[in-house]
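Inside the fold
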Amino acid sequence: MPLPLDDILCRFIRPGDWSRRDNRPRPGAFKQASLSVWHTGQLWRQGAAPEDLRIEHLRGCGQAHHTAGDYLILAGEASQIELTPFQVRVEWRPEDQYVSEPWRPWADAHAQVEATEGPPNFLAEFRRLLALKARRAIPPD
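Residues numbered from 1 in each chain as written. Predicted model: local features only at pLDDT ≥ 70, side-chain atom pairs only at ≥ 80, totals over all residues. Heavy atoms only, no water.

Overall, antiparallel pairing links the 6 strands, which are arranged β6-β7-β4-β1-β5-β8 in an open sheet. Every other strand in the sheet has two partners, leaving β6 (87-92) and β8 (136-138) as the edge strands with one partner each. Ignoring which end each strand starts from, the neighbouring axes of this sheet average 30° apart. Relative to strand β7 (residues 110-117), β6 runs antiparallel, the two being bridged by 6 bridges. Counterpart to E91 in the pairing with β7 is Q112. (Pairing = 2+ DSSP bridges. Helix = DSSP H or I, 4+ residues; strand = E, 2+ residues; numbered from the N terminus. Axes fitted to C-alpha atoms, helices over the stretch in contact; angles between N-to-C directions.)

What follows is the structure, given as structure tokens:
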């Protein structure tokens, strides 16, 4: 099921994927074939904050916040710049295959950004735009 376009999503950014010089994520932080993101409003409704999820391999990570609509708009912009058909979808993905322990208590707040048209891996321009146009960027510890 798609998410409302104005809903804010958090993508955790590992320290190695953060540009200290530019104080924002590097495009490589968005290089996966699909992106795991967390719905901030749903986390708050569950009595948690994004910081609470920074455990295990997410310990010390920074954050990049975009709306669900940002992902769709930036995919369209990237498609026009690279002259390559490219679209994504942003949908709830609380299933075990996407959310492992110890994040299971927050599974209802989990979503995935997945390519639906174009190359299976995200376009380089899409990754660059996500890094440049985060609504909020919180550096790693």
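So, on to the pairing of strand β5 (residues 62-67). In terms of residue burial, β5 counts as a mostly covered element, since 6 of its 6 residues are buried. The side-chain alternation of β5 yields two buried faces, one formed by G62, A64 and H66 and the other by Q63, H65 and T67. Alignment of strand β1 (residues 8-13) against β5, held across 6 bridges, turns out to be antiparallel. Bridge pairing in β5 places F12 opposite Q63. Relative to β8, β5 runs antiparallel, the two sharing 3 bridges. Across the sheet, residue Q63 finds its bridge partner in β8, namely I138. (Buried < 20%, exposed > 50% of the residue type's maximum accessible area, 1.4 Å probe, protein only.)

Here the focus is helix α2 (residues 68-82). The terminal C-alpha atoms of α2, which comprises 15 residues, lie 22 Å apart, in line with the 21 Å expected from a rise of 1.5 Å per residue. Here the buried face of α2 lies against β1, β4 (34-39), β5, β6, β7 and α3 (124-132). Remark: L83 follows α2 within two positions and exhibits a positive phi of approximately 55°. (Expected span 1.5 Å × (residues − 1). Contact = heavy atoms within 4.5 Å.)

Another aspect to go through is the state of the cysteines. Within the structure shown, the criterion is met by 0 disulfides. C10 takes part in no disulfide bond, and the closest cysteine sulfur, belonging to C61, lies 9.5 Å away. For C61, a relative accessible area of 2% corresponds to the buried category. (Disulfide = S-S within 2.5 Å.)

Enumeration according to the criterion identifies 10 salt bridges in this entry. A salt bridge links R89 to E114; the shortest N-O distance between them is 2.9 Å. One end of the pair, R89, is in strand β6; the other, E114, is in strand β7, with 25 residues separating them in the sequence. Residue E114 is classed as buried on the basis of its relative accessible area, which comes to 9%. A salt bridge links E125 to R128; its shortest N-O distance comes to 2.6 Å. (Salt bridge = Lys/Arg side-chain N within 4 Å of Asp/Glu carboxyl O.)

Here E101 and P102 are connected by a cis peptide whose omega angle stands at 5°. Of note, P102 is situated in the loop between β6 and β7. In this structure, N23 is a non-glycine residue whose phi angle is positive, near 55°. Take N23: it is sitting in the loop between β2 (18-19) and β3 (24-25).

By themselves, these are just geometric observations and shouldn't be taken as functional.
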